[in-house]
Structure formats: structure tokens, C-alpha cells
Amino acid sequence: MRLEKCWFCSSTIYPGHGITFVRNDATTFKFCRSKCHKNFKMKRNPRKVRWTKAYRKLAGKELAEDATFEMERRRNRPEKYDRDLVKKTVKAIERISEIRVRRQERFYEKRMAKVKGQQVARDKQQLEQEIHLVKAPASLVSDKAQQKSKEKLKVAVEAKQQKQKQQAQGADAMQE
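Please read these numbers as outputs of a predicted model, since none were measured by experiment.

1. Some details on the overall build of the protein
Next, step 1: Summing up its helical and strand segments, the protein has four helices and four strands in all.
Next, step 2: Helices and strands in the protein line up, N terminus first, as β-β-β-β-α-α-α-α.
Next, step 3: Buried positions account for 14% of the 176 residues belonging to the protein.
Next, step 4: By sequence separation, contacts in the protein at least 24 residues apart represent 40% of the contacts at least 6 residues apart.
Next, step 5: Entry remark: accessible area of the protein is about 15500 Å², with carbon and sulfur atoms responsible for 53%.

Following this line, the structure appears as C-alpha cells:
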């Protein structure tokens, strides 16, 4: 059973599915569904259409280079049937698909870690701006009053410290 790749979106095409388009120069294009075929006829570039595999790889949203993709490449060299070889190949394919899934999950987690930090910062900023929705207005007024009193106290302490410094400097100047 040969599984083809869609020319436009790179998804798999199972036997008996999809559309084959043959151009006048005898090049064949296989499409998984009419959506891809219509986009091809409209001369759209798959790298610029957001839902295609080519766009996702180009934008860094999917794993682009990995050794597990080597197994997916088409090989047209016929091999003599060997039952043991087929069994080993099937086991290897299953193992490689497991590895690929784990790597893709790791890649996704790395990508989302950056976004999570940004989201937390945005959430904190929004909470500070819209605190009146969370706290009662009366407590906000008392919080503001407490904050103003703390600021006044801070300013008074700083002024006192400056006066003490000036007095100390004046005393030093007198002794000289």
C-alpha cells in the first residue's frame, strides 16, 4: 500500500482518495482534497497559506529538521521479500514514530515555555490595571490611604535624614 503526500499541504493520501492533476508537460500533482486542488489552481504559494505543513515549518511552529524524517522519504528501489526484514522494518517504524512523537512534544513544550512567561507578565499587568474588579471599592480606598500615608512617612524620614546630614556637615565645617 503506497501512501502519497499531498503536493499542497503535505498530508498523507491513502489509496483511492484524493485528486491527481496532470499538467501538459506530464508532471503529476496529487492533492488530498478539493481545498488543496483549488488553492493550487488559484496559484497560491503553500509556504504563505497558514494551514499548510510548509508554512508551519517555515514559521518555526513545527519540527523542521530531524533524523526521523529520513524514514519517511520515498524509495523506489525494489527489494526482495524477506519475512524477517519486514518484521524488523515494522518494529523499527513503530519505534521511530514513538521517538518522533516525543521529540515533537518536547519541541512544542520549548516553544510554549516562552509564551507562558509572556502570558504571566500580561496577566499581572492586567490584574494591576483592573484590581477594582477583584477587590471591593472600599478596601481600595483604604489601600490608597495606607499607601499615601506610607509615602508621607517615607518622605518625612528622608527629610529628617537630610537635615541630620546637613547638621553633621555644618558641625564638621565649624570644627575646621
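2. Brief notes about unusual backbone geometry
Next, step 1: Positive phi is not limited to glycine here, since S10 has a value of about 70 degrees.
Next, step 2: Tracing the backbone shows S10 in the loop between β1 (4-5) and β2 (12-13).
Next, step 3: With a phi angle near 70 degrees, A26 is a residue other than glycine that sits in the positive phi range.
Next, step 4: Within the element layout of this structure, A26 appears in the loop between β3 (19-22) and β4 (28-31).
Next, step 5: A26 gets classed as exposed once you look at its relative accessible area, which sits at 58%.

3. Side note on the packing of aromatic side chains
Next, step 1: Here the structure, examined in full by the defined rule, presents seven aromatic pairs.
Next, step 2: Plain terms: the ring middles of F29 and F40 are 4.8 Å apart, the flat faces sit at 40 degrees to each other, and that makes the pair tilted. Separated by 11 residues along the polypeptide, F29 in strand β4 and F40 in helix α1 (residues 34-41) bring together distant segments of the chain. Accessibility classification places F29 together with F40 in one group, the buried group.
Next, step 3: An aromatic cluster is defined as three or more aromatic residues linked by ring pairs; in this entry it consists of W7, F21, F29, F31 and F40.

4. Quick word on the pattern of salt bridges
Next, step 1: Per the stated rule, a full pass over the model turns up two salt bridges.
Next, step 2: For the salt bridge of D25 with R23, the shortest nitrogen-to-oxygen distance reads 3.4 Å.

5. Brief notes about the environment of I19
Next, step 1: Residue placement: I19 occurs in strand β3.
Next, step 2: Sequence separation between I19 and C36 is 17 residues, and the spatial gap between their C-alpha atoms is 9.3 Å.

6. A few points about the pairing of β3
Next, step 1: Bridging between β3 and β4 involves four bridges; their strand directions are antiparallel. Directly across from I19, in β4, lies its bridge partner F31.
Next, step 2: The antiparallel pairing of β3 with β4 creates a hairpin that spans five residues between the two strands, and A26 there sits at a positive phi of about 70 degrees.

7. As for the nonpolar core
Next, step 1: Of all hydrophobic cores here, the largest spans 10 residues; its members are C6, F8, C9, I13, F29, F31, C32, C36, F40 and V49.
Next, step 2: Those elements that place two or more of their residues in this core are β4 and α1.
Next, step 3: If we skip the residues at most four places from it in the chain, C36 touches C6, F8, C9, F31 and W51.

8. Focus on the side chain of N39
Next, step 1: Relative to the helices and strands, N39 resides in helix α1.
Next, step 2: Contact partners of N39, with chain neighbours within four places excluded, come to F8, R44 and W51.

Conventions and cut-offs
Residues numbered from 1 in each chain as written. Predicted model: local features only at pLDDT ≥ 70, side-chain atom pairs only at ≥ 80, totals over all residues. Heavy atoms only, no water. Helix = DSSP H or I, 4+ residues; strand = E, 2+ residues; numbered from the N terminus. Buried < 20%, exposed > 50% of the residue type's maximum accessible area, 1.4 Å probe, protein only. Contact = heavy atoms within 4.5 Å. Areas by Shrake-Rupley, 256 points an atom, 1.4 Å probe, with all protein chains shown as cover. Phe/Tyr/Trp six-rings, centres within 6.5 Å; stacked < 30°, edge-to-face > 60°. Salt bridge = Lys/Arg side-chain N within 4 Å of Asp/Glu carboxyl O. Pairing = 2+ DSSP bridges. Core = buried A, V, L, I, M, F, W, Y, C linked by side-chain atoms within 4.5 Å.

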